[in-house]
Structure formats: C-alpha cells, structure tokens
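Below, each chain spelled out in residue letters.
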Amino acid sequence: MTGPWDRGDGNRRDFFRNLLGDWIDDFVKKTEETVVQKRYHRPPGALAEVGFLAACTRCGDCGTVCPPHAIQFAAPSAGLAAGTPFFDPRLQPCIACPDMPCAAACPTDALTVPAQGWAGVHMGVLELLPERCITFQGSECSVCAKACPIGPDALAIDEAGHPVIRAEGCVGCGVCVRACVTAPSSFKLRPVGT
C-alpha cells in the first residue's frame, strides 16, 4: 500500500518532517498575525517579528551606536513593541553601514550580523511608483540610483532612463526613498511582512 510519502523522492520520515515544517511555518505566521499589531522597519539582522519582540531587551544599545541616528524606539503605547528599535526611512533611512554596528552591539540575538553580510538582510520591500517618478514624464534623473549604498545590485537605471529595483539585491534601507527628488517620494518602502 502506498501513501503520499511514497513519491519516490523521499521516505516516510522526510514526508513527516516536511509536513511538520509546513505546520510550524503556518503556526508561526498565524501567531505573528495575531500578536503583531503594527509592522516596523527593523534594523539590519533582525529576527522575524515575534522572535524579535521576545529577544529584544529594549536596552537601546543599537540606537546608541547608529552612525546616522536612524534608530528610534517604539512609544509606550506600541503594546508588545514598546521600546523596540525601528527606523523611519522618510525621516532618516538606514545607510547600510558596512560593519552593521547596530547589530554588532546587540547583546542578544534580536539583531545579528548575518554571515553573508548585507546579502542576508531584507529590512523592507521597495516599490517604485512610476506615476510619481519624473523619468516616466520625460525628465532625466538618477539621484536614487546614485544614492543607493548597495549600488546597481539593488537599484539601477535601465536603458530607457528609468529606475529598476532588483529585489534580490535590495536590502530595504530606504536611502532612495529619502533621496528621491519628488514629493511625495517615487518610492514606497513597506516593512517586511506587510
């Protein structure tokens, strides 16, 4: 008698491991949706939100060492997130410091410097709003691409002169959001998980 675990690509143990892994992923996602009332742009190297809220001691060390003073702390009215670090890319983006001093200063695993450096960081999801971008209205501009601390692996200008976001390279720092010459910005940065 055969079952779903007899697919030829694994055995019964692999089937149950995969099933359990899917169940855990679904459980974490549902828990996060219940617990997390608001999403924040977290500093680089942050754990997933529920783990971050549990691991962060609200010590403030990450904010003390942040060179551009981008890190703020959630207000007491923020519920479980009260006192936790975040940044607002419209006010002061993360500048993608090469050594991630904020993550290095964290006394817990709430923030860690990823082994693969910035390649392992995704603080937000960047979106271009073409209706706001002046390059789609016939003007030349490359301010966003020139400001990007990651470079053309994250944000480049195509042959037509328009910005192109490379999601696999974009770390979600928000520098382009702030650098954009249009008001409001032609870029929108959403926190991870939204």
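Check the entry above for the structure.
Below is a short write-up of the structure. Just so you know, these numbers come straight off a predicted model, no measurement behind them.

**Thoughts on the environment of alanine 55**
Right, so step 1: One can find alanine 55 in helix α2 (residues 49-55).
Right, so step 2: When the C-alpha positions of alanine 55 and proline 107 are compared, they lie 9.7 Å apart, and in sequence the two are 52 residues distant.
Right, so step 3: If near-sequence neighbours (up to four positions away) are discounted, alanine 55 is found in contact with Leu47, Thr108 and Ala110.

**Focus on the pattern of salt bridges**
Pairing between side chains of opposite charge can happen when their charged atoms approach one another.
Right, so step 1: In the structure shown here, the tally under the stated rule is two salt bridges.
Right, so step 2: Note that glutamate 49 and arginine 42 form a salt bridge whose closest N and O atoms lie 2.6 Å from each other.
Right, so step 3: Taking relative accessible area as the criterion, glutamate 49 reaches 7% and is therefore assigned buried.
Right, so step 4: Residue arginine 42 is classed as buried on the basis of its relative accessible area, which comes to 5%.
Right, so step 5: The closest approach of N and O atoms between arginine 90 and aspartate 88, which form a salt bridge, is 3.0 Å.

**Quick notes on the pairing of strand β3 (residues 124-128)**
Right, so step 1: The alternating pattern of β3 places Gly124, Leu126 and Leu128 on a buried face, while none of Val125 and Glu127, on the opposite face, is buried.
Right, so step 2: Here β3 runs beside strand β6 (residues 187-191); their pairing, made up of five bridges, is antiparallel. Bridge assignment links glycine 124 to a residue of β6, and that residue is proline 191.

**Let's talk about the state of the cysteines**
Right, so step 1: Per the counting criterion, the structure on display carries zero disulfides.
Right, so step 2: Summary of cysteine pairing: cysteine 59 is not part of a disulfide, and the nearest cysteine sulfur, belonging to cysteine 106, is at 6.2 Å.
Right, so step 3: There is no disulfide at cysteine 102, and the cysteine sulfur nearest it, in cysteine 66, is 6.2 Å away.

**Section: the packing of aromatic side chains**
Right, so step 1: Enumeration over the complete set of coordinates arrives at one aromatic pair.
Right, so step 2: Between tyrosine 40 and phenylalanine 86 the ring centres are 5.1 Å apart and the planes differ by 50°, which places this aromatic pair in the tilted class. Of this pair, tyrosine 40 sits in the loop between α1 (12-35) and α2 while phenylalanine 86 sits in strand β2 (residues 85-86), and the two are 46 residues apart along the sequence. Accessibility assignment for this pair places tyrosine 40 and phenylalanine 86 in one class, buried.

**Examining the environment of arginine 190**
Right, so step 1: Within the secondary structure layout, arginine 190 lies in strand β6.
Right, so step 2: Note on arginine 190: relative accessible area 27%, which makes it partly exposed.
Right, so step 3: Those residues in contact with arginine 190 that sit more than four places away from it in its chain are His41, Gly124, Val125 and Glu127.

**Describing unusual backbone geometry**
Right, so step 1: Residues alanine 183 and proline 184 are joined by a peptide bond in cis, for which omega reads 0°.
Right, so step 2: Looking at the secondary structure, you find proline 184 in the loop between α6 (175-179) and β6.
Right, so step 3: A positive phi angle is found at histidine 69, which is not glycine, with a value near 55°.
Right, so step 4: Looking at the secondary structure, you find histidine 69 in the loop between α3 (61-65) and β1 (72-73).
Right, so step 5: You can call histidine 69 exposed: its relative accessible area is 60%.
Right, so step 6: One non-glycine residue, alanine 96, adopts positive backbone phi at about 55°.
Right, so step 7: Relative to the helices and strands, alanine 96 is located in the loop between β2 and α4 (101-105).

Cut-off values and rules
- Residues numbered from 1 in each chain as written.
- Predicted model: local features only at pLDDT ≥ 70, side-chain atom pairs only at ≥ 80, totals over all residues.
- Heavy atoms only, no water.
- Helix = DSSP H or I, 4+ residues; strand = E, 2+ residues; numbered from the N terminus.
- Contact = heavy atoms within 4.5 Å.
- Salt bridge = Lys/Arg side-chain N within 4 Å of Asp/Glu carboxyl O.
- Buried < 20%, exposed > 50% of the residue type's maximum accessible area, 1.4 Å probe, protein only.
- Pairing = 2+ DSSP bridges.
- Disulfide = S-S within 2.5 Å.
- Phe/Tyr/Trp six-rings, centres within 6.5 Å; stacked < 30°, edge-to-face > 60°.

Just geometry here; none of it tells us what the structure is for.
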